[in-house]
Each structure stands twice: as structure tokens, then as C-alpha cells.
Amino acid sequence: MTQDKAVLLHGARDLRAGRVPRGEAGPGQVRVAVRGVGLCGSDLHYFADGRNGTNVVRAPTVLGHEGFGVITETGPGVPGDRLGERVAIEPAAPCLRCAACLSGRYNVCPNHTCLGSPPTHGLLRESALVPAQFAHPLPDSVPDEVASLIEPLAVATWALDRGAPVAGRRVLVTGAGPIGLLVLQAARAHGAAEVVVTDLSPERLRAAAALGATTGEGPFDVAFDCSGAPPAIRSAASALAPGGTLVLVGVPGEPEPAFPLQLVQRYEFDIRGCFRYGPGAFATAIAWAADGRVDLAALVTSRFSLDETAAALEAALTDRSQLKVVIDL
Ligand SMILES: [Zn+2]
Ligand SMILES: [Zn+2]
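Keep in mind the model is a prediction, meaning the values are calculated, not measured.

About the thresholds
- Every chain is numbered on its own, with residues counted from 1 as its sequence reads.
- Written order decides the labels, with chains lettered from A and ligands numbered from 1.
- In keeping with the predicted nature of the model, local features appear solely for residues at pLDDT of at least 70, side-chain atom pairs appear and are counted solely at 80 or more, and the whole-chain, interface and lining totals rest on all residues.
- Water and hydrogen atoms were dropped before computing side-chain values, which therefore reflect all heavy atoms in the structure.
- Grouping buried Ala, Val, Leu, Ile, Met, Phe, Trp, Tyr and Cys residues that are joined through side-chain atoms within 4.5 Å yields what is termed a nonpolar core.
- The buried label goes to any residue with under 20% of its type's maximum accessible area, the exposed label to any with over 50%, and the partly exposed label to all in between, with areas taken from a 1.4 Å probe on protein chains only.
- Per the convention used, a helix needs a DSSP run of H or I reaching at least four residues, while a strand needs a run of E reaching at least two, with both numbered from the N terminus.
- As used throughout, domain bounds are those supplied by an automatic or database domain assignment.
- When the centres of two rings from Phe, Tyr and Trp lie within 6.5 Å, Trp using its six-membered ring, the rings pair. Their planes under 30 degrees apart give stacked, over 60 give edge-to-face, and anything left gives tilted.
- Residue contacts are defined here by distance: any two heavy atoms, one from each residue, within 4.5 Å place the two residues in contact.
- Note on definitions: buried area is the accessible-area loss of two parts on being combined, 1.4 Å probe, summed for both.
- Two N or O atoms count as a polar contact when they lie within 3.5 Å, although within protein this holds only if one can serve as hydrogen donor and the other as acceptor, and sequence-adjacent residues are included solely when both atoms are side-chain atoms.
- Between Lys or Arg on one side and Asp or Glu on the other, a salt bridge is scored when a side-chain nitrogen of the former is within 4 Å of a carboxyl oxygen of the latter.
- Sites may look incomplete because water is not among the atoms; the donors themselves are N, O and S atoms within 2.8 Å of the metal, or within 3.2 Å for Na, K and Ca.
- Think of it this way: with four donors and all angles in the 85 to 135 degree range, the site is tetrahedral; with four or six donors, opposite ones beyond 155 degrees and the rest between 65 and 115, it is square planar or octahedral; otherwise it is irregular.
- UniProt positions are given in the numbering used here, feature names are shortened, and annotations may be inferred rather than shown by experiment.

A. Structural view of the nonpolar core. Judged by nonpolar contacts, the single largest core of 51 residues is most densely connected at Ile150, Val171, Leu181, Phe224 and Leu296. Among the secondary structure elements, those contributing two or more residues to this core are α3 (144-147), α4 (150-163), β12 (170-174), α5 (178-189), β13 (194-198), α6 (202-210), β14 (220-225) and α9 (281-290). Broken down by element, this core gets its largest block of residues, eight residues, from α4. Looking at which domains feed residues into this core, each of domain 1 (3-149 + 296-328) and domain 2 (158-273) gives three or more.

Rendered as C-alpha cells:
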């Protein structure tokens with residue numbers, strides 16, 4: 001059986017070069033030769049601890065879910081003229097059969113898996129088979145250097161959908177990692193009156209200021225928590241204006257954090273969950289990267305080769321000045 005070169009995580013800090021089966025493009029599938037993969041907080045958790053929340057690495061798994069590449073094979077039912085297309089990969093794998101999927105909300109599918117979420121192999125390998133509709137064509141105006149950032153940008157554009165409307169409103173973003181910095185840019189592109197960003201790291205606050213964040217006090221009409229840190233979630237809730245909206249983008253670090261529910265009741269706050277991205281988010285992200293509304297290059301702080309993946313993960317884990325680390329294949 002033909003196999004692809006890959007890097008596999010065997011357990012905490014145990015990353016090894018290996019091979020995975022290539023398979024064949026089935027009905028509705030395309031093969032994407034992977035060209036670049038961005039490392040994400042979840043990859044760092046799996047690498048550092050062998051787990052992310054409740055999901056534990058039990059068998060060697062290929063990490064990586066933020067990727068792009070070129071279509072090199074089309075399965076039955078996929079137009080052959082897609083061969084050679086540069087595409088951003090939407091890594092979610094919803095069942096497309098349950099009530100949530102059939103209603104169009106495929107990101108909240110309870111049977112949903114995601115590339116790079118153990119035990120499902122991710123993108124740090126030569127090629128991957130994906131549903132043709134989840135291989136999103138990239139225009140030439142999105143260069144290879146930033147194409148793997150379309151996935152986190154799709155998270156940000158989806159967060160903006162969940163927090164809509166933001167035009168003319170005061171916005172708070174808690175957490176200035178890559179997602180927070182993308183939500184900041186997306187909110188400004190959507191016409192937010194002001195975007196205040198908070199973080200504990202001075203380096204990250206400097207990056208936010210360079211991208212247009214201001215400093216200021218509440219109240220805020222819309223808050224996006226991109227940190228998952230319970231104290232940040234509480235302070236965001238407490239800084240909302242009456243009738244304000246809080247969007248939970250980061251995964252809360254505790255299953256049941258203390259939360260000011262009396263304020264939620266008294267001031268009719270809306271608390272909205274936000275999980276990955278729903279329909280249309282990738283198309284929006286690609287359009288915004290293409291027309292320069294969002295600066296993706298500002299977030300890329302270093303690049304490594306596939307053979308250097310372990311060093312790349314260590315750098316991303318230990319150096320707080322790193323924003324997005326990209327693996328070039
Ligand atoms: Zn990610
Ligand atoms: Zn489903």
C-alpha cells in the first residue's frame with residue numbers, strides 16, 4: 001500500500017517521523033497535497049500533555065488542522081477541472097445526516113470529528129483526502145505564506161457572525177493570541193466603533209495595538225472571549241453594557257466557571273457559544289484575506305520544515321513572543 005510521509009504524535013512530547021496510508025479519493029472527495037500547516041493551541045496541548053481537555057492521544061496521530069495545498073486527485077462525482085486548484089482545507093468532518101447538519105448548522109453536529117483531533121489524522125503529512133466542498137479555492141491574491149491562516153481567520157469571521165451586529169458598537173476582545181488578533185481585525189473591518197483588547201502578555205498587547213486595538217474601559221456592547229480563562233470571561237461579562245452580548249470563542253478552562261448570572265438576568269445579556277465555523281465562514285475568510293481587509297502576514301512569527309515540527313512545537317510552547325508558527329511542506 002502506498003504511504004505518505006508524516007509526523008505522528010505518540011504521546012506527550014513524543015513526536016516521530018512516520019508514514020500513513022494514502023488511500024484513494026472516494027466519491028465526492030479530493031486529495032490535497034499539503035503545502036503549509038499552521039500550529040494551533042490545540043496542537044500545543046496535545047504535544048505538551050498528550051491530551052486536550054478530555055480528548056487523549058491513545059494511538060499515534062498526525063496533528064495539524066490549519067492547512068492549505070493543491071488538489072492532485074479527484075474522486076468520482078468531482079469535476080476533473082478542480083485538479084491543480086490551490087485550496088484552503090476546512091478540517092471539520094460533520095456527519096451531514098443529523099438534525100443539526102440537515103438544518104445547516106454542521107459545526108454543532110454531535111457526531112462531528114475534525115482532522116488532527118485524535119484519533120483522526122490531521123494535516124502534517126504529504127497529502128490528505130477531504131470532501132470536495134471542504135476544499136475552498138484560493139485566489140492568487142492569497143499567497144502561500146499566509147494561506148494556512150485562512151482556517152483561524154474563518155474562526156474569527158464566524159465569531160463575528162455570532163456576535164453580530166458590531167458596526168458602530170464598542171467591542172471588547174479578551175485574549176490577544178492569534179484568534180483574538182484576528183477577531184480584532186475582523187471587528188474593525190466590520191465597522192466596530194472601537195475595539196479594546198486585553199491580555200496578560202505585554203508582547204501580545206503590543207501586537208494588538210499595532211493592529212488597531214485601543215485601550216479603554218467598559219461598558220462594551222459586544223465582548224468576544226478568545227482566552228478561555230475564567231477570570232477573563234467573568235471580567236468580560238461584568239464589562240458589558242445593558243443588553244450586551246458575550247461570545248465565547250475560547251474553550252473555557254473550567255467546565256463550570258463561576259459566572260455573574262445575576263447580571264445576565266438583570267441586564268438581559270446574551271451569552272453565545274461559538275464553535276469552529278459554520279456555513280460560509282471559509283468563503284468570507286478567503287475574501288477578506290484576498291482584499292487585504294485582514295493582515296494575516298502580521299501574525300506569522302516563524303516558519304519550519306516538516307522535519308523540524310518538534311522544534312516548531314517547542315518554540316510555540318515556550319516563546320511567548322510567537323504568534324503563528326507555520327510548517328512549510
Ligand atoms: Zn486551530
Ligand atoms: Zn451531523
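B. Inspection of the packing of aromatic side chains at higher detail. Per the counting criterion, the structure on display carries three aromatic pairs. Ring centres of Tyr277 and Phe282 lie 5.0 Å apart, and the angle between their planes is 90°; this geometry places the pair in the edge-to-face category. Here Tyr277 falls in the buried class, since its relative accessible area comes to 0%. On the basis of relative accessibility, which here comes to 2%, the residue Phe282 falls in the buried class.

C. Focus on the domain arrangement of the protein. You can read the domains of the protein as domain 1 (3-149 + 296-328) and domain 2 (158-273). Residue-level contacts link 10 residues of domain 1 with 10 residues of domain 2. Taking both sides of the interface into account, the surface hidden between domain 1 and domain 2 amounts to around 850 Å²; carbon and sulfur atoms contribute 62%. Interface area lost by domain 1 to domain 2 is led by Leu299, Arg320 and Leu323, which between them contribute 58%. The interface formed by domain 1 and domain 2 contains one residue pair in polar contact (both at pLDDT 80 or more).

D. Looking closely at the pattern of salt bridges. For the coordinates displayed, the defined rule picks out 13 salt bridges. The partner of Glu314 in a salt bridge is Arg13, with the nearest N and O atoms 2.8 Å apart. With Glu314 in helix α10 (residues 309-318) and Arg13 in the loop between β1 (3-11) and β2 (14-21), the pair connects residues that are 301 residues apart, well separated along the chain. Between Arg35 and Asp144 there is a salt bridge whose closest N-O contact spans 2.4 Å. You can see Arg35 sitting in strand β3 (residues 29-38) and its partner Asp144 sitting in helix α3, a full 109 residues away along the chain. Owing to a relative accessible area of 30%, Arg35 belongs among the partly exposed residues under this scheme. Taken together, the salt bridges that share partners define one network made up of Arg35, Arg86 and Asp144.

E. Examining the coordination of the zinc ion (ligand 2) more closely. Those protein atoms acting as donors to the zinc ion (ligand 2) are Cys95 (SG), Cys98 (SG), Cys101 (SG) and Cys109 (SG), and they sit at 2.3 to 2.4 Å. Geometry at the zinc ion (ligand 2) is tetrahedral, judged from the four donor atoms that bind it and their angles of 104 to 118° at the metal. We note that the donor set of the zinc ion (ligand 2) lies within a single chain, spaced as C-x2-C-x2-C-x7-C. With relative accessibility at 16%, the residue Cys95 sits in the buried group.

F. Representation of the coordination of the zinc ion (ligand 1) in the model. Here the zinc ion (ligand 1) is held by Cys40 (SG), His65 (NE2) and Glu66 (OE), and the distances to it run 2.2 to 2.4 Å. Going along the chain, you hit the donors of the zinc ion (ligand 1) in the pattern C-x24-H-E. Of the two residues, Cys40 sits in the loop between β3 and α1 (41-49) while Glu66 sits in strand β6 (residues 66-74), which places them 26 residues apart along the sequence.

G. Structural context of the UniProt feature "domain: Enoyl reductase (ER)" (unreviewed entry) in the protein. Under the UniProt annotation, "domain: Enoyl reductase (ER)" (unreviewed entry) lies at residues 11-327. End C-alpha atoms of residues 11-327 are separated by 20 Å, and the span's content is 28% helix alongside 27% strand.

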